[in-house]
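A structural walkthrough
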Amino acid sequence: MGKKIKKESEPPPKDVFDPLTIESKKAATVVLMLNSPEEEILAKACEAIYRFALKGEENKATLLELGAVEPLTKLLNHEDKIVRRNATMIFGILASNNDVKKLLRELDVMNSVIAQLAAEEEVVIHEFASLCLANMSAEYTSKVQIFEQGGLEPLIRLLSSPDPDVKKNSIECIYNLAQDFQCQATLQELNAIPPILDLLKSEYPIIQLLALKTLDVITNDKECRAMLRDSQGVDHLIKILETKELSDLHIEALSVLANCLEDMDTMVMIQQTGGLKKLLSFAENSTIPDIQKNAARAITKAAYDPENRKLFHEQEVEKCLVTLLGSENDGTKIAASQAISAMCENSGSKEFFNNQGIPQLIQLLKSDNEEVREASAFALANLTTCNPANANAAAEGDGIDALINALSSKRDGAIANAATVLTNMAMQESLRLSIQSHDVMHALLSPLHSANTVVQSKAALTVAATACDVEARTELRNSGGLEPLVKLLHSKNDEVRRHASWAIMVCASDEPTAAELCRLGALDILEEINLSVSRKNKFSEAAHNKLLNHHLSLKYSQTGYLSSSNIITDGVYDYGRINPGTKLLPLKDLCLQEPSDQRAILLVNSKSDASPTPSTEDKSSDVGYGRSISSSSSLRRASKDKTNAGFGSPTEEKSEPTSGRNTALSKSATKEKGSRKGRVKKEEEKVKEEEEVAVAPKLTGEGSPDKEWLPPSDPDFCVYVYEVTRSILPITSIKEQVEVLAKYVAEKMGGKIPKEKLHDFSWELHISELKFQLKSNVVPIGLIKKGIFYHRALLFKALADRIGIGCSLVRGEYGRAWNEVKLMNESRKGVTGALPPQETYIVDLMFHPGALIKLRSQEADLYRFL
């Protein structure tokens, strides 16, 4: 037998590639392998890239530069589980890089990642897919993509996963998504609260913390709070607070509980189960500032509900808050002050803080921390509003100094709140005087100049409350406070304009301050405001009227009405009706105008060019009462030549007082009443014979440039004042005084004029002659000997004011004007009933001088309108 020959192995087919084992040390090479069709190579390449990415952020950036992200996205949907798992793990790591996140959003891989959360997938895939979503959900655009592609539902399901990493990643992603209100509503629909509450039982603090943070966000919604209550979530929160080992979760648990306390049903449940008392005790006894702060915030949130405030008061929450005010932590002090502010809506709480709380808040006003000062001022503002006892307590606690110092705070809130407290205090006269003694007007200058509308409004209101005395208004005026106050009238803010108008109305109570306000343009601004339907308010109208009370000429021209309290003094003139917004020229300018065809301007002036010294000498009339028509004309021409002369200051003129009664006439003049008219007539004839050129310089001081311009005097009106003071003032019956004065006025103005002869009464020619003689449109009222309704009504009002008869002056149409007086209804005297004890009458000065016509009668209408 032959020798056996060994059979040779068959060579591999020529079309098959021989196996090759490669060891790569370059990431770029491995990235190229991601395009391989072989599952094993893809799996090993992904595994290598995962380990490389784990080493740090630089490696993640390198992979991005090498273009690894795009081929990896295709592997998320690979048929091989190992390849798909390894690719998902890579994305879980890479997604923490911001540049990778941006690229992933552009590649729109969110749907592929969410698909990895399917129930049939491995736990490892769940872990890294949820990690990828958690990293991506930190940005708004990614949140929208996750939400729109249905990522919430699988994430909620994974909260029940046995793997803690899956739970952690899922709840973190849900927390990020819950920041959006649409997601909150969806979480409620998906019944997410029970599985989130279950996470509170986790043994991992990070999971518990994320669960509490998520609950804190979603329980801002009322429906979610109800769901939490129904799921016994409040019990879980109380247990966390009672467990000292979980102290790191107490802050977040308190925050969630604060939201729950906003719900009345939850509040009642906590109170019934004793949880509320535990909460307050916990807050009061805790030594951790953040816990105390959050507890106070919880009380603040809940206290905005009236029923909650009532429950808190029953649990004596005030004691807890006063304790928290003594904390060394500024954040806790602020939170406690805010809680006190909220509790102030309860009257019982307000009363409690009178003795305990206000002294501590006053001390906090002196803090170096501006936020603490603001919060304490806010609490004091609420405590003192409509509560005089608390306002007194604040003052007794040395609060006025601290509050005025707070007006210079750097925070607008502190300034506004301090101003509010001062306003509340100023409602009591004793406290207002105390505030004024602390130079409050000077302290208010800075707030009045503030750019913050709230500060402007509160500061203006404080001025209105404290400027009730002449001394305070003088201080404000001298310190320059009126100018910023007037500027606030230009504000576009309704409340600022309203409070500034209020303050100006108060400040206009005395003549010097009113004059300064008018000089600063307040009258014009208020007039402009009141012409606007949208900008005017009750206070702007009242302030405008108050300023007009110090400018009766303008008031009568604009409104056609002077009340009994508007006393006509020297220098008041009736220009006639003017339209709103029309400027009224000063008396000097009007006097210097040439006479024209416009109606005469009626001037009331009992001041003479020289000091009145009546005597029995021949020239007493010339010295005491001024001059006749001719001398007035001469004076007018002399005045017109001196256009550089100024308006005489009332304080510089040596003349009689203008308070309403003529007291300048001496006793010797009183004895001469019987021969008065004769002497005046004699003097008129005498003065007419004198040279006018010689008289004018004597009276006007021509040739003496230091002599200031004086308004034309009215000797006849001086006589009228003297005569009515002597003959009518002693009458005891007001009604009789009115009747006698009416007859006197009618007599001086041309006597009784029957209705049928009114058109024959040639008063126009008389007035024209006076204007021609005076060379001016301004005619002193005493020179008019033929006057109709509006002449007589002005004279009646001017004389009535001198002897204390209260009457109003009303302008009508077509040259009509009349006076109204209020007299006791004799038939109803001593009788109580529906009718008023006084009735208003119109004084007839034309047809039946001295007759009194009931205001609401046909006869009154005939007098006024026909």
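The following refers to the structure shown. (Residues numbered from 1 in each chain as written. Predicted model: local features only at pLDDT ≥ 70, side-chain atom pairs only at ≥ 80, totals over all residues. Heavy atoms only, no water.)

1. Structural notes on the overall build of the chain
How we decide: Helix and strand definitions here come from DSSP, where helices need a minimum of 4 consecutive H or I residues and strands a minimum of 2 consecutive E residues; each element is numbered from the N-terminal end. Only protein chains enter the calculation, and the probe is 1.4 Å; a residue is then buried if its accessible area is under 20% of its type maximum, exposed if over 50%, and partly exposed in between. The contact criterion used throughout is that any non-hydrogen atoms of two residues lie within 4.5 Å. The Shrake-Rupley method, run with a 1.4 Å probe, gives the accessible areas here. Residue values count only the displayed protein chains as cover.
Helices and strands together make up the secondary structure of the chain, namely 51 helices and eight strands. Within the chain, the fraction of its 866 residues that count as buried is 53%. Intrachain contacts of the chain at a sequence separation of at least 6 include 70% that bridge at least 24 residues. Accessible surface, the chain as shown: approximately 41,100 Å² in total, 50% of it carbon and sulfur.

2. Topic: helix H36 (residues 494–507)
Basically, it comes down to this: A helix's residues, less one, multiplied by 1.5 Å, set its expected span.
With 14 residues, H36 extends 20 Å from end C-alpha to end C-alpha; this agrees with the ideal 20 Å at 1.5 Å per step. A large share of H36 lies buried, amounting to ten of its 14 residues. When H36 is considered as a whole, its buried residues turn out to be Val-496, Arg-497, His-499, Ala-500, Ser-501, Ala-503, Ile-504, Met-505, Val-506 and Cys-507. Residues of H36 that are buried sit in contact with helix H33 (453–466), helix H34 (470–478), helix H35 (482–487), helix H37 (511–519), helix H38 (522–530) and helix H39 (538–548).

3. Considerations on the packing of aromatic side chains
To describe a pair of aromatic rings, one takes the distance between the centres and the angle between the planes. We count it as follows: For Phe, Tyr and Trp, where Trp contributes only its six-membered ring, two rings pair if their centres lie within 6.5 Å, and the inter-plane angle classes them as stacked under 30 degrees, edge-to-face over 60, or tilted in between. Throughout this description, the term charge over a ring refers to an Arg CZ or Lys NZ atom that lies within 6 Å of the ring centre and within 35 degrees of the ring normal.
As enumerated under the stated definition, the model contains six aromatic pairs in all. Between the aromatic rings of Phe-352 and Phe-353, the centroid separation amounts to 5.8 Å while the plane-to-plane angle is 85°, which identifies the pairing as edge-to-face. Assessed through its relative accessible area of 21%, Phe-352 is described here as partly exposed. With relative accessibility at 0%, the residue Phe-353 sits in the buried group. Geometrically, the ring pair formed by Phe-789 and Phe-847 is edge-to-face, given 5.8 Å between the ring centres and 75° between the ring planes. In this pair, Phe-789 sits in helix H50 (residues 789–802) while Phe-847 sits in the loop between strand E7 (838–843) and strand E8 (852–854), placing the two residues 58 residues apart along the sequence. What makes Phe-847 buried here is its relative accessible area of 6%. Positioned above the aromatic ring of Phe-772 is the side chain of Lys-775, whose terminal nitrogen or guanidinium carbon lies 3.9 Å from the ring centre. Stacked on the ring of Tyr-556, the Lys or Arg Arg-811 has its end atom at 4.0 Å from the ring centre.

4. Notes on the pattern of salt bridges
What counts is decided by this rule: Basic side-chain nitrogens of Lys or Arg form a salt bridge, by our definition, when they fall within 4 Å of a carboxyl oxygen of Asp or Glu.
Within the structure shown, the criterion is met by 30 salt bridges. With its nearest N and O atoms 2.8 Å apart, the salt bridge here joins Asp-570 to Arg-802. Of this pair, Asp-570 sits in the loop between strand E1 (561–562) and strand E2 (573–574) while Arg-802 sits in helix H50; the two residues are 232 residues apart in sequence, bridging distant segments of the chain. Two residues, Asp-801 and Lys-797, come together in a salt bridge whose shortest N-O distance is 3.4 Å. Linking Asp-801 with Lys-797, this pair stays in helix H50, spanning four residues, or about one helical turn. Asp-801 gets classed as buried once you look at its relative accessible area, which sits at 4%. Put simply, Arg-473, Arg-477 and Asp-510 are held in one network by salt bridges that share partners.

5. Points about the pairing of strand E6 (residues 817–824)
To keep it simple, the criterion reads: Between any two strands, at least two bridges found by DSSP are needed for them to pair.
For E6, the buried fraction is high: six of the eight residues fall into the buried class. The pairing of strand E5 (residues 807–811) with E6 spans five bridges and is classified as antiparallel. Residue pairing across strands places Arg-811 opposite Ala-817, the latter belonging to E6. Linking E5 back to E6 in an antiparallel pair, the connection comprises five residues, with Tyr-814 at a positive phi of about 55°. In this sheet, E7 lies alongside E6 in antiparallel orientation, the contact comprising six bridges.

6. Quick notes on the sheet that holds E5
Either a parallel or an antiparallel arrangement is found when strands of a sheet pair, and the pairing is made through backbone hydrogen bonds. This is how the line gets drawn: What counts as an axis is a line fitted to C-alpha atoms, over the stretch in contact for a helix, and the angles between N-to-C directions run from 0 to 180 degrees.
Strand order in this open sheet of five strands is E1-E5-E6-E7-E8, and the pairing throughout is antiparallel. Looking at which strands have only one partner, the edges of the open sheet turn out to be E1 and E8. Of the strands in this sheet, E1, E5, E6 and E7 touch H50, which is tilted by about 40° from E6.

7. Some words on unusual backbone geometry
Even without glycine at this site, Glu-316 takes up a positive phi of about 55°. If you trace the backbone, Glu-316 turns up in the loop between helix H21 (306–314) and helix H22 (317–325). On the basis of relative accessibility, which here comes to 44%, the residue Glu-316 falls in the partly exposed class.

8. Some points on the packing of H38 against H39
What describes two packed helices is the angle between their axes and the distance between those same axes. Which entries qualify depends on this criterion: In this scheme, roughly parallel covers angles under 35 degrees and roughly antiparallel covers those over 145, while 65 to 115 is roughly perpendicular and the rest are oblique. Here is the rule for handedness: rotate from the far helix to the near one, and if that takes an anticlockwise turn smaller than a right angle the crossing is left-handed, while a clockwise turn gives right-handed.
Across the interface, H38 lies against H39 with an axial gap of 9 Å and an inter-helix angle of 140°. By the angle class used here, H38 and H39 are oblique. Like other packed secondary-structure pairs, H38 and H39 cross with a definite hand, here left-handed. Residues Ala-522, Leu-523, Leu-526, Glu-527, Ile-529 and Asn-530 of H38 form the contact with H39, whose own contacting residues are Ser-540, Glu-541, Ala-543, His-544, Leu-547 and Leu-548.

9. Quick look at the environment of Leu-783
If you trace the backbone, Leu-783 turns up in the loop between strand E4 (778–780) and H50. Relative accessible area serves as the criterion here: at 2%, Leu-783 is assigned to the buried category. A C-alpha to C-alpha distance of 6.5 Å links Leu-783 and Asp-716, two positions 67 residues apart in sequence.

10. Some remarks on the pairing of E7
Direction of pairing for E7 relative to E8: antiparallel, over a ladder of three bridges. The residue bridging Ile-842 from the neighbouring strand is Ile-853, located in E8.

11. Re the nonpolar core
Heads up, the rule is: Side-chain atoms within 4.5 Å link the members of a nonpolar core, which is a set of buried Ala, Val, Leu, Ile, Met, Phe, Trp, Tyr and Cys residues.
In this structure, Phe-312, Met-425 and Ile-504 are the most contacted members of the largest nonpolar core, which totals 192 residues. Of all hydrophobic cores here, the second largest spans 59 residues; its members include Leu-562, Val-604, Ile-767 and Phe-789.

12. Brief notes about the environment of Leu-155
Here Leu-155 is to be found in helix H10 (residues 152–157). As for Leu-155 and Ile-114, which are separated by 41 residues in sequence, their C-alpha atoms are 8.9 Å apart. Once residues lying within four places of it in the same chain are set aside, the contact partners of Leu-155 are Leu-117, Leu-133, Ser-170, Cys-173, Ile-174 and Leu-177.

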